[in-house]
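# Summary of structural features
So you can see what is in the structure, the chains are spelled out below.
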Amino acid sequence: MMKHAIEENDLHAYVDGAMPAAERARFEDLLRDDAVARESARAYLAQNEALHAAFDGALAEPHSLRLPASPARGWPRGPVALAATLLLGIAFGFISRGLFMAQQAPLTAFAHQAVLAYVAYVPEVRHPVEVPAQEEQHLVAWLSKRLSVPLRAPQLDAAGYRLLGGRLLPAASSAGDAPVALLMYENPKGKRLSLLVRREVDNKDTAFRFTEEGNTRVFYWIDGPCGYALAGDVDREELLRLSRLVYQQLNP
């Protein structure tokens, strides 16, 4: 029997220590049975530790701002003091945001590339793929050779989506990056999904993440030597179910 899916809000509450003690044990039981959520929790904890390591010391350092004495409730008096406090907060906010974006940028760019690929190729009627599913063995061997990593084409027939085929896409960034593989799936109603696969060099961040741009939603993650991004114009819960099916097939 499948256990209830872990919600993102609950995951953040657990990682941030905001979850009531009575719920933590039950939540940890769910984590033990959900490898994807477990990896997300590890990634978020590592991110929190990085932020603390970067900024806890700075918070304790003396600064040159001379603020007027605060009233009993702790709020600074006067517009100058308020502005100084606001500027200090904004400065720390931008520094924290910079660190966060630096950690997230490679995966975020990959998710954006998945959206662009989905929008570009999914509407194609006659040429949605370069190599059709009838040549799946050749398709997988070709993409594996070009990415320099062994690939598999997950089978989503049980979820109502058949493999249409795939194509090779150029690298999103520098010329030294490996190209990217795109696999496309379709259900009987003509609804399509695209699975983007790229080779990963730094695979420390293995969290299962979600984003959306317009009507296109994406779940993306890193597993071993590859990064994966499943994109589709379907609701989040359905895309999460399909993403877990892909993940399970790649980790039997």
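Before any of the text, the structure's been laid out above.
To keep things clear, this report deals only with the structure shown in the data block. Just so you know, the residues in each chain are numbered from 1, in the order the chain's sequence is written. Residues qualify for local features only when their pLDDT is at least 70, as the model is predicted, and side-chain atom pairs are given and counted only at 80 or more; totals for whole chains, interfaces and linings, by contrast, use all residues. Hydrogens are left out, water is left out, and the side-chain values use all remaining heavy atoms of the structure.

## Considering the sheet that holds strand β7 (residues 226-232)
The condition is simple: Paired strands are those between which DSSP finds at least two bridges. Strands here are runs of E lasting at least two residues and helices are runs of H or I lasting at least four, both read from the DSSP assignment and numbered beginning at the N terminus. Here, residues are in contact when the closest pair of their heavy atoms is within 4.5 Å. Lines are fitted to the C-alpha atoms to define the axes, a helix being fitted only along its stretch in contact, and any angle between axes, read from their N-to-C directions, falls within 0 to 180 degrees.
Spatially, the seven strands line up as an open sheet ordered β1-β2-β3-β4-β7-β6-β5, and their pairing is antiparallel. Looking at the sheet topology across the chains shown, the edges are occupied by β1 (131-132) and β5 (209-213). Sheet topology note: the strand β3 (residues 180-186)/strand β4 (residues 192-199) ladder contains six bridges and is antiparallel. Within the sheet, the bridge partner assigned to Y185 lies in β4 and is L193. Along the sheet, helix α5 (residues 136-147) contacts β1, β2 (162-169), β3 and β4; its crossing angle with β2, the most-contacted strand, is approximately 30 degrees. On the sheet, helix α6 (residues 236-250) packs against β4, β5, β6 (216-223) and β7 and is oriented at approximately 25 degrees with respect to β6.

## Some details on the nonpolar core
Our working definition: Side-chain atoms within 4.5 Å link the members of a nonpolar core, which is a set of buried Ala, Val, Leu, Ile, Met, Phe, Trp, Tyr and Cys residues. For every residue, the accessible area (1.4 Å probe, protein chains only) is compared with the maximum for its type, and the residue is labelled buried under 20%, exposed over 50%, or partly exposed between those bounds.
Among the nonpolar cores identified, the biggest contains 33 residues, and L151, L183, Y185, L193 and L195 are the most heavily contacted of them. By residue number, the principal contributor to this core is α6, which donates six residues. Residues in contact with L195, not counting those within four places in the same chain, are P154, A181, L182, L183, Y185, Y228, A229, L230 and V246. Ranked by size, the runner-up nonpolar core spans 18 residues in total, among them V115, V122, L182 and A229.

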